[in-house]
Amino acid sequence: MIFPPGATALTDPDAVSETLYDAVIIGGGIAGAIIANQLSQAGQRVLILEAGKGEDMNVASYEDYLTNFYTAVSKDNQAPYPVNPNAAMPRSTDVRRITPGQPDTSPYLVQNGPYATDFTYTRVLGGTTMHWEAKTPRMLPEDFDTASRYGHGLDWPFGYDDLEPYYQEAEREIGVSADVEDQTYLGLGYPPGYVFPMRGLPLSYLDQMVARGVDGTEVDLDGQPVTLKVRPWPQGRNGIPNPDYDGGHGYTPVGAVSTHQVEEGGRCQGNNNCVPLCPVQAKYHAGKTLAKAVGNGVHLLTQAVAYRVHTNPVSGRVTHVEFRAYRDSSSAEYATGTARGRIFVLAANAIENARLMLASDLQSASGLVGRNLMDHAYLLNWALLPEVAGTGRGTNSTGGITDLRGGPFRGRQAGFAIDIHNDGWGWATGSPVSDLLHIVDAQNKFGPDLRRSLIDQVSRQLLLAFMIDVPPNPGNRVTVDPAYRDQLGNMRPVISYSISDYTMEGAAFARRLAKRLFARLGAEDCTAYSPADYGYVSYGGQDYVIRGGNHLAGTHVMGTTPANSVVDAALRSWDHQNLYLVGGGAMPTIGTSNITLTIAALCFKSAGHMIERLRAEQAPVVLSGSNQ
Amino acid sequence: MNATRPAEVKRPVNVKRLQDLLQAAVELELATIPFYLCALYSLRPGSNDETGLIIRSVVVEEMLHMVLAANVLNAIGGEPRVIGAAHVPRYPHELPDGTVLDLLPFCPEGVEEFLKVENPQYPHKALDPGHPMVAGRRPKRHLARAASLMGAPTTIGAFYAEITDGLKGAAAALGERALFRGDPARQVTSEYYYAGGGSPLPVTDLASATGALTEIVDQGEGDLASMYDEDGDLGHYYRFNQLKYDRTYLPSDDAGAPTGPQVGVDFGAVYPMIANPRADDYADPELRAASDAVNRTWSRLLSDIEAAFNGRPEALLPAVPAMFKLRDQALVLLANPLPRGDGRHAGPTFEWMADH
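Residues numbered from 1 in each chain as written. Chains lettered and ligands numbered in written order. Predicted model: local features only at pLDDT ≥ 70, side-chain atom pairs only at ≥ 80, totals over all residues. Heavy atoms only, no water.

1. Here we look at the overall build of chain B
Item 1. Scanning chain B from terminus to terminus reveals 10 helices and three strands.
Item 2. Helices and strands in chain B line up, N terminus first, as α-α-β-β-α-β-α-α-α-α-α-α-α.
Item 3. The globule rule puts the C-alpha radius of gyration for 356 residues at 21 Å, and the 20 Å found for chain B is close to it.
Item 4. With respect to the principal axes defined by its C-alpha atoms, chain B has extents near 65 × 50 × 40 Å. (Helix = DSSP H or I, 4+ residues; strand = E, 2+ residues; numbered from the N terminus. Rg over C-alpha atoms; globule rule 2.2 N^0.38 Å.)

2. Description of the overall build of chain A
Item 1. Helix and strand counts for chain A come out as 14 helices and 20 strands.
Item 2. Relative to the globule expectation of 25 Å for 628 residues, the C-alpha radius of gyration of chain A, 24 Å, shows essentially globular dimensions.
Item 3. Referenced to the eigenvectors of the C-alpha coordinate spread, the extents of chain A come out at roughly 85 × 60 × 55 Å.
Item 4. Burial status across chain A gives 62% buried among its 628 residues.
Item 5. Taking contacts inside chain A between residues at least 6 apart in sequence as the whole, the part at least 24 apart equals 74%.
Item 6. When the accessible surface of chain A is totalled, it reaches about 22,700 Å², and 50% of it is carbon and sulfur.
Item 7. Where the 49 positive side-chain charges of chain A centre and where its 63 negative ones centre are 1 Å apart. (Buried < 20%, exposed > 50% of the residue type's maximum accessible area, 1.4 Å probe, protein only. Contact = heavy atoms within 4.5 Å. Areas by Shrake-Rupley, 256 points an atom, 1.4 Å probe, with all protein chains shown as cover. Lys, Arg positive; Asp, Glu negative; His and termini not counted. Charge placed at Lys NZ, Arg CZ, Asp CG, Glu CD.)

3. Some details on the interface of chain B and chain A
Item 1. Each partner contributes to the interface: chain B provides 17 residues, whereas chain A provides 15 residues.
Item 2. Carbon and sulfur atoms supply 52% of the area buried between chain B and chain A, which totals about 1,400 Å² over both sides.
Item 3. Looking at the side of chain B facing chain A, the largest losses of area belong to Leu 53, Glu 191 and Tyr 194 of chain B, adding up to 36% of the total buried there.
Item 4. Put simply, chain B and chain A have zero salt bridges between them.
Item 5. Remark: the boundary between chain B and chain A carries zero residue pairs in polar contact (both at pLDDT 80 or more).
Item 6. It is helix 2 (residues 49-75) of chain B that contributes the most residues to the side of chain B that touches chain A, five residues altogether.
Item 7. Considered class by class, the residues forming the side of chain B that touches chain A number six nonpolar, six polar and five charged. (Buried area = accessible area lost by both parts, 1.4 Å probe. Salt bridge = Lys/Arg side-chain N within 4 Å of Asp/Glu carboxyl O. Polar contact = N/O pair within 3.5 Å; in protein donor to acceptor, adjacent residues only side chain to side chain. Nonpolar A, V, L, I, M, F, W, Y, C, P; charged D, E, K, R; others polar.)

4. What to know about the pairing of strand 13 (residues 416-421) of chain A
Residues and elements named next belong to chain A.
Item 1. Across the six residues of strand 13, six count as buried, placing the element largely inside the fold.
Item 2. Of the two faces of strand 13, the one carrying Phe 416, Ile 418 and Ile 420 and the one carrying Ala 417, Asp 419 and His 421 are both buried.
Item 3. Of the strand pairs in this sheet, strand 12 (residues 399-401) and strand 13 are connected by three bridges, and their pairing is antiparallel. Its bridge partner being in strand 13, Gly 399 is matched across the sheet by Ile 420.
Item 4. Here strand 13 runs beside strand 14 (residues 461-468); their pairing, made up of six bridges, is antiparallel. Among the inter-strand pairings, Ile 420 is bridged to a residue of strand 14, identified as Leu 464. (Pairing = 2+ DSSP bridges.)

5. Digging into helix 5 (residues 160-174) of chain A
Residues and elements named next belong to chain A.
Item 1. Of all the bends in helix 5, the greatest measures close to 30° and is centred on Tyr 166.
Item 2. When helix 5 is considered as a whole, its buried residues turn out to be Tyr 160, Leu 163, Glu 164, Tyr 167, Ala 170, Glu 171, Glu 173 and Ile 174.
Item 3. Of the residues trailing helix 5, Gly 175 is marked for its positive phi of about 85°. (Bend = angle between axes of the 7 residues up to and from the residue.)

6. Structural notes on the sheet that holds strand 2 (residues 100-101) of chain B
Residue and element names in this part refer to chain B.
Item 1. Read from one edge to the other, the open sheet built from three strands follows the order 2-1-3, with strand pairing classed as mixed. Each of the sheet's edge strands pairs with one partner strand only, and the pair in question is strand 2 and strand 3 (142-143).
Item 2. Bridging between strand 1 (residues 93-94) and strand 3 involves two bridges; their strand directions are parallel. Looking across to strand 3, one finds that His 93 is bridged to His 142.

7. With respect to the pattern of salt bridges
Opposite charge on two side chains permits pairing when their charged atoms draw close.
Residues and elements named next belong to chain A.
Item 1. Overall, the coordinates contain 39 salt bridges over all chains when judged by the stated rule.
Item 2. For Glu 164, the salt bridge is made with Arg 138, and the minimal N-O distance between the two is 2.9 Å. One end of the pair, Glu 164, is in helix 5; the other, Arg 138, is in the loop between strand 3 (110-114) and helix 4 (146-150), and 26 residues separate them in sequence. No difference in accessibility class separates Glu 164 from Arg 138, as the two residues are buried.
Item 3. Between Glu 617 and Arg 317 there is a salt bridge, with its nearest N and O atoms 3.9 Å apart. Of the two residues, Glu 617 sits in helix 14 (residues 596-618) while Arg 317 sits in the loop between strand 8 (304-311) and strand 9 (318-325), which places them 300 residues apart along the sequence.
Item 4. Under the relative-accessibility criterion, Arg 317 is labelled partly exposed at 27%.
Item 5. Linked by salt bridges that have partners in common, Glu 142, Asp 143, Arg 410 and Asp 469 make up one network.

8. Examining the packing of aromatic side chains
Item 1. Under the counting rule described, the total for this entry stands at 29 aromatic pairs over all chains.
Item 2. Ring geometry for Tyr 237 of chain B versus Tyr 238 of chain B: centroids 5.1 Å apart, planes at 80°, classification edge-to-face.
Item 3. A residue is classified by how much of its surface remains accessible, and Tyr 238 of chain B, at 5% relative accessible area, is buried.
Item 4. Three or more aromatic residues link up through ring pairs in this structure, and these residues are Phe 144, Trp 156, Phe 158, Tyr 160 and Tyr 167 of chain A.
Item 5. Over the ring of Phe 158 of chain A we find Lys 605 of chain A; its NZ or CZ atom is 4.2 Å from the centre of that ring. (Phe/Tyr/Trp six-rings, centres within 6.5 Å; stacked < 30°, edge-to-face > 60°. Lys NZ or Arg CZ within 6 Å of the ring centre and 35° of its normal.)

9. Concerning the packing of helix 2 of chain B against helix 7 (residues 206-219) of chain B
Residue and element names in this part refer to chain B.
Item 1. At a minimum axis separation of 9 Å, helix 2 and helix 7 run at an interaxial angle of 160°. Judged by the angle between their axes, helix 2 and helix 7 are roughly antiparallel. Between helix 2 and helix 7 lies a crossing whose hand is left-handed. Between helix 2 and helix 7, the contacting residues are Glu 61, Leu 64, His 65, Leu 68, Ala 69 and Val 72 on the first element and Ala 209, Ala 212, Leu 213, Glu 215, Ile 216 and Gln 219 on the second.
Item 2. Of the residues belonging to the contact of helix 2 with helix 7, the class tally is eight nonpolar, two polar and two charged. (Axes fitted to C-alpha atoms, helices over the stretch in contact; angles between N-to-C directions. Parallel < 35°, antiparallel > 145°, perpendicular 65-115°, else oblique. Left-handed = near helix turned anticlockwise from the far one by under 90°.)

10. Details of the sheet that holds strand 15 (residues 477-479) of chain A
Residue and element names in this part refer to chain A.
Item 1. Pairing in this open sheet of three strands is mixed, and the strands run 3-16-15 from one edge to the other. Each edge of the open sheet is held by one strand with a lone partner, namely strand 3 and strand 15. Each neighbouring strand pair of the sheet contributes to a mean axis angle of 20°, computed without reference to strand direction.
Item 2. Pairing geometry for strand 3 and strand 16 (residues 494-497), over four bridges, is parallel. What sits directly across from Pro 114, in strand 16, is Tyr 497.
Item 3. Packing of helix 9 (residues 350-359) onto the sheet brings it into contact with strand 15 and strand 16, and relative to strand 15 it is tilted by some 40°.

11. Topic: the environment of Pro 82 of chain A
Residues and elements named next belong to chain A.
Item 1. By the element assignment, Pro 82 lies in the loop between helix 3 (59-71) and strand 3.
Item 2. On the accessibility criterion, Pro 82 (53% relative accessible area) is exposed.
Item 3. Taking the C-alpha atoms as reference points, Pro 82 and Val 124, separated by 42 residues in sequence, lie 10.0 Å from one another.
Item 4. Once residues within four sequence positions are removed from consideration, Pro 82 is found in contact with Tyr 65, Asn 68 and Met 89.

12. With respect to the nonpolar core
For soluble globular proteins, the rule of thumb is that nonpolar side chains tend to be buried together.
Item 1. One finds Leu 39, Leu 404, Phe 466 and Val 582 of chain A to be the most contacted residues of the largest nonpolar core, which totals 169 residues.
Item 2. Counting 101 residues, the second largest nonpolar core, distinct from the first, contains Ala 25, Leu 40, Leu 43 and Ala 75 of chain B. (Core = buried A, V, L, I, M, F, W, Y, C linked by side-chain atoms within 4.5 Å.)

13. What about helix 6 (residues 205-214) of chain A?
Residues and elements named next belong to chain A.
Item 1. In terms of burial, helix 6 is a largely internal element, seven of the 10 residues being buried.
Item 2. Listing the buried residues of helix 6 in full gives Leu 206, Asp 207, Met 209, Val 210, Ala 211, Gly 213 and Val 214.
Item 3. Looking at the buried residues of helix 6, the elements they touch are strand 6 (230-232), strand 12, strand 13, strand 14 and helix 13 (501-521).

Now the structure itself:
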């Protein structure tokens, strides 16, 4: 995929300030890229403002990110990216336990607690797809009306069937590898003859070993038996194109992005490095869509941080976005610019969208901007299998257990999806580095003995990550406080968050199930939750550690009226007619699926409305009594 | 392009000759693979990233060409062969137009050989046999089967043209169905072989056969009328021209020198492999064992390919990890200086080992 050379230098803050665009988009991640691409294909003039750094996307700069990651001593999902105080990124290494009444104010995200979140998101061109894992399951039909159905959460203003055609577009844009036969469960349906763009990636050897113990396990929930089965995940990475896709036209996988032709990334190689970066760019990242958008003439201004959204006090229409353009990330010097458009789209993620609105004094009539902040709650369970299982091959997760994502039990406790981690205990314990240190320092091994111990230890590691539903809670919120600003003078997000009993009931069940599954596999349960951990939660007299998944949502929910929501079903603000707030923030619930596919589908849906609206505004007016 | 082609001789319709020519085509494409792989593997890990991507993209397409040629051969009832002393290429390897392929580390002289292979009109200065890199390292040339079949110097383009013309003539004389009598189940399709720029086309008739042969010539050395093939990919010659000039082609560039950003070619960051290495060069038993390991993997890979070409296309799936293994084992050799004392390193010899 060619990224037109010079595209990031086509315009500058002064030129932008002189231009009236059709659409101004804040954020160069997947949401901003999809909307920019759709609108530009419809002939609209589009500007993307990206806070982070970004030169022309090419293999050399991507390799720099990889080198940063490979050489980093502490490998977290932001390790490839240089620290940039002007567009600061929260990192999991920032997080500390919160003492009640004493907010943690030192890192970029100010945390009130009581639960210390480890939210991260990436502020470079490409956004958080520059560290995502790229699992792309759809939401279940029942996820769209859990309030009516189960008395928990919020209902969406439309259902699965309404979003289904847009899921197809999202699957095409991202490039999803999956087989319909594996993805038809709990009500998930597809039009007759639909196939995913590429064939499903095979289950790993580890998955198959786990399946031997898991498949057929009967779980009883409220008198309803559910049988478990290991299933492959739909993945946003390149596999074998399905010749039946698109009425027999097939599909051409999109590999690496560069300013000149490169052949790389056409197929997943199983490098096991997915988070944060695929070494060959077989995994989708938003650069693949940005390249197309820029090729259509979209203007891209990087190192431009949105500072304030200005509105007309009478009409409520957004007049312009004031931004701060910096040259040097280590310096607080900036130039002020103005971005003007017929419509404005906030696509900076759930936390930054809310932050910007509140910093602009734009709380909606509903009072819900910033509220209902959600992220999936992960409960990690890890064990040592009785024999070598080939851990360390394949994508980070090729298979999982989805049978407990839905069902009547959700009236009482949260559902969950279970990931089988091909990369061992890493997320839970810091493996394999922690194993190496232990074998060398504590066990004094070296030479062939050391090598054998590493293989013996690491290749038997099984991590089951339970991704648990978190319903919206107005008390979980993003706010701002002028006392907390970043280097550029932007107010920082202030997070208040707690985990509900509904979710913890699901976590407790998850823990019991994990122990049962480990026993069936003959695996030695090594899970331990420490009260000293920042994610510690006590529930029912038991210790738990809850991790976040960075599936940030809810902070500007969509709904049916201006009183119960911030945006309508097209993701347009009820309060400001020419403003759209897209991304996870618009989702009323997150169910038990990673949210990026749904975000992308919503962008295709919303872009359709934007184009209609822009065309209607630009259409000639027919006067009554004229000769027409 | 026809300058060295022999005078038009009306050959009788001879399916056997077409099968021989197609077998020679399979071997021709196979012969380019070790030639390019030595250059690719000789790049020191961590350097020459873009150079490596460019060379690898060509290797992957030469394999595709080999698959396409095998598909055509299978379609007319032939049985492609790639194993055994009779079929595995040896080096230096002489092509039908007189060009010599040496196994060389990545170097300016090697780039000249790449350009010549991909564009027979390219006015390269052939490596002088006395050049220090190859002096004494060209004991005997292995003549490509295509060269012996053609009888006189012929460009690769003309070689494939003869096959295409031959197929058309035979189809007219015998009937298309009679000519394309091969079992369709023997065709290798994109289910099993992935090559960046193109897809293996199943060959079942004259149109698909000429399509497959056109793809070989189009992507490779043949169609220099246009820089880009019909998929919009740069032809191989132009990809290598980027290495010669150390610049990439911009979409706006014409067929002269490229004017885009630097590739970043670093001839210094290369293992100084000895030219045309042979297992017999390795008196040291450890070195010899490392060389035998490479050759066993190479032979196993060729066996998988032969199985894939003879009714088991799924045998190409283990070829992927075998390629990774080949690279890792080759690097063991490339990292080691030879005991000769002149600073040159060992390298993969790509020799057939029957007991693999």
